[in-house]
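So the chains spell out like this:
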Amino acid sequence: MNRFAFIIHPISPEDIKKSLKPLSILPVPLLEAITKHFPPFKVSTIRGVRSLTGAETEGWFIGIPLTPRQFLSYPLDFVYKRLIQAGKLAEKLGAKIVGLGAFTSVVGDGGITLAKSINIGVTTGNSYTVVTAVEGAIEAAKLVGINPREAVAAVVGAGGSIGFTSARLLAREVMKMNIIGRSVEKLEKVKETIEGETNCEVEIKRDVSEGLREADIVLTVTSAMEEIIFPEDLKRGAVVCDVARPRDVSRRVEEERRDVLVIEGGVVEVPGDVDFGFDFGFPPKTAYACMAETMILALEGYEGNFTLGKEVTLEQADMIARLAKKHGFHLAGFRSFEKPVLPERIEEVRRLAGR
């Protein structure tokens with residue numbers, strides 16, 4: 001059996017307070033000043049992952065008690081030290097591959113330094129994240145009454161590596177797409193590639209608002225450090241899949257535009273009778289796509305690194321999509337701003353969009 005580990009961290013100081021109740025009375029600056037000295041630790045053991053092929057795997061959640069603000073504000077050397085400590089713990093536990101969750105894959109070089117420092121494989125999970133983002137956007141669009149073949153799509157950040165691959169995958173499903181980014185030269189390459197591979201008509205837009213004005217399906221994957229999509233930018237009835245961390249979509253969209261559905265990629269159902277041993281806010285037997293990618297590679301017996309750095313190739317995306325299907329992983333719903341998207345919410349968007 002090939003085992004895996006997955007590195008996680010608290011999304012907010014409140015998450016730390018829930019886990020470390022004796023420290024819950026402390027103000028946030030003091031809490032973070034204390035927990036920054038805590039080394040990575042084993043959070044739980046993950047059991048019961050069983051492929052359609054009969055292969056099985058198990059693994060561990062490894063926690064680094066740093067919030068997103070800490071990951072982004074502390075010196076890289078300090079962050080790398082914590083990541084390497086977590087990677088070495090995964091190796092010691094017996095994992096053959098370790099996945100990077102949330103901001104552990106955002107900061108620095110996307111796992112490259114970690115991979116050079118340990119003797120097991122590393123993946124950011126971004127390949128399957130891209131695959132499920134596109135699948136999720138298309139599925140959500142259908143649920144709110146959009147026919148993808150008649151829709152206008154938009155990819156924000158299409159000039160980046162992840163955006164490029166996301167746009168190529170999405171172009172297989174739609175007939176028209178706006179690609180949005182800062183570098184016209186990079187966008188020209190994206191346009192040329194997509195129009196050479198598919199029948200999708202591509203237009204280049206440098207302005208986010210202009211590119212989104214007519215878009216029914218939006219995929220946003222930038223590396224911006226602040227929100228770039230606001231309520232006034234979006235078409236009535238649009239579906240927006242925000243894969244970026246930090247988020248590209250303002251929380252105001254959720255509050256002010258009830259006629260728009262924002263999702264954070266897809267929730268993935270894990271095959272078998274999986275027990276994560278830890279409640280990270282998902283329905284039973286489901287996980288983030290980045291977690292699922294790590295499990296898929298373990299079940300496949302994959303050796304070495306998979307998705308590293310800031311790049312995701314189309315070949316990686318197609319490969320992990322094929323392996324996910326082989327082993328029985330599939331979409332099982334959506335999340336929006338850390339909460340599950342309920343059928344009532346989808347119906348609300350349909351109604352307000354007049355569909």
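Predicted model, so just to flag it, every value in this text is computed and none were measured.

A few points about the side chain of Asn178
- Note that Asn178 resides in strand β7 (residues 176–180).
- Classification of Asn178 as buried rests on a relative accessible area of 0%.
- At 3.5 Å, the side chain of Asn178 and the side chain of Glu214 are in polar contact.

Thoughts on the state of the cysteines
- Per the counting criterion, the structure on display carries zero disulfides.
- Unpaired in terms of disulfides, Cys241 finds its nearest cysteine sulfur in Cys290, a separation of 13 Å.
- According to the relative accessible area criterion, Cys241 is buried, its value standing at 0%.
- When its relative accessible area of 12% is taken as the criterion, Cys290 is described as buried.

Concerning the pairing of strand β2 (residues 41–50)
- As judged from the seven bridges shared by β2 and strand β3 (residues 56–63), these two strands associate in the antiparallel manner. Paired with Lys42 across the strands is Ile62, a residue of β3.
- Across two bridges, the pairing between β2 and strand β13 (residues 272–275) is antiparallel. In the sheet register, Arg47 faces β13, and the bridge partner there is Asp275.

Looking at the sheet that holds strand β6 (residues 152–156)
- In spatial order, the strands read β8-β7-β6-β9-β10-β11; together these six strands make up an open sheet with parallel pairing. Both edges of this open sheet fall to β8 (201–205) and β11 (261–263), since each of them pairs with a single strand only. Across the sheet, the mean angle from the axis of one strand to that of its neighbour is 20 degrees, orientation sign disregarded.
- Of the strand pairs in this sheet, β7 and β8 are connected by five bridges, and their pairing is parallel. What sits directly across from Ile180, in β8, is Lys205.
- Sheet contacts for helix α7 (residues 161–171): β6, β7 and β9 (217–220); angle to β6, the most-contacted strand, approximately 170 degrees.
- Running over the sheet, helix α8 (residues 184–197) touches β7 and β8 and is turned about 175 degrees from β8.

Focus: the packing of helix α6 (residues 126–143) against helix α11 (residues 289–300)
- α11 packs onto α6 with a crossing angle of 125 degrees between their chain directions and a minimal axis gap of 7 Å. Between α6 and α11, the interaxial angle falls into the category oblique. α11 is crossed by α6, and the crossing has right-handed handedness. Where α6 abuts α11, its residues Asn126, Ser127, Tyr128, Thr129 and Thr132 lie against Ala289, Cys290, Ala292, Glu293 and Ile296.
- Looking at the contact of α6 with α11, its residues break down into five nonpolar, four polar and one charged.

Regarding the sheet that holds β3
- Ordered in space as β5-β4-β1-β3-β2-β13, the six strands form an open sheet in which the pairing is mixed. Since the sheet does not close on itself, it has two edges, and those belong to β5 (121–123) and β13, each with one partner. Here the average twist between neighbouring strands, direction ignored, is 20 degrees.
- Sheet contacts for helix α4 (residues 76–93): β1 (4–8), β2, β3 and β4 (97–100); angle to β3, the most-contacted strand, approximately 145 degrees.

What about unusual backbone geometry?
- In this chain, Arg245 is followed by Pro246 through a cis amide linkage whose omega measures 0 degrees.
- Its location among the elements puts Pro246 in the loop between β10 (239–242) and α10 (251–256).
- Even without being a glycine, Lys285 presents a positive backbone phi close to 65 degrees.
- Of note, Lys285 is situated in the loop between β13 and β14 (286–287).
- Exposure remark for Lys285: the relative accessible area of 35% places this residue in the partly exposed category.
- Despite not being glycine, Glu338 has its phi angle at roughly 70 degrees, a positive value.
- Among the secondary structure elements, Glu338 is positioned in the loop between β15 (330–336) and β16 (339–340).
- Glu338 gets classed as partly exposed once you look at its relative accessible area, which sits at 35%.

Rules behind the numbers
Residues numbered from 1 in each chain as written. Predicted model: local features only at pLDDT ≥ 70, side-chain atom pairs only at ≥ 80, totals over all residues. Heavy atoms only, no water. Helix = DSSP H or I, 4+ residues; strand = E, 2+ residues; numbered from the N terminus. Buried < 20%, exposed > 50% of the residue type's maximum accessible area, 1.4 Å probe, protein only. Polar contact = N/O pair within 3.5 Å; in protein donor to acceptor, adjacent residues only side chain to side chain. Disulfide = S-S within 2.5 Å. Pairing = 2+ DSSP bridges. Axes fitted to C-alpha atoms, helices over the stretch in contact; angles between N-to-C directions. Contact = heavy atoms within 4.5 Å. Parallel < 35°, antiparallel > 145°, perpendicular 65-115°, else oblique. Left-handed = near helix turned anticlockwise from the far one by under 90°. Nonpolar A, V, L, I, M, F, W, Y, C, P; charged D, E, K, R; others polar.

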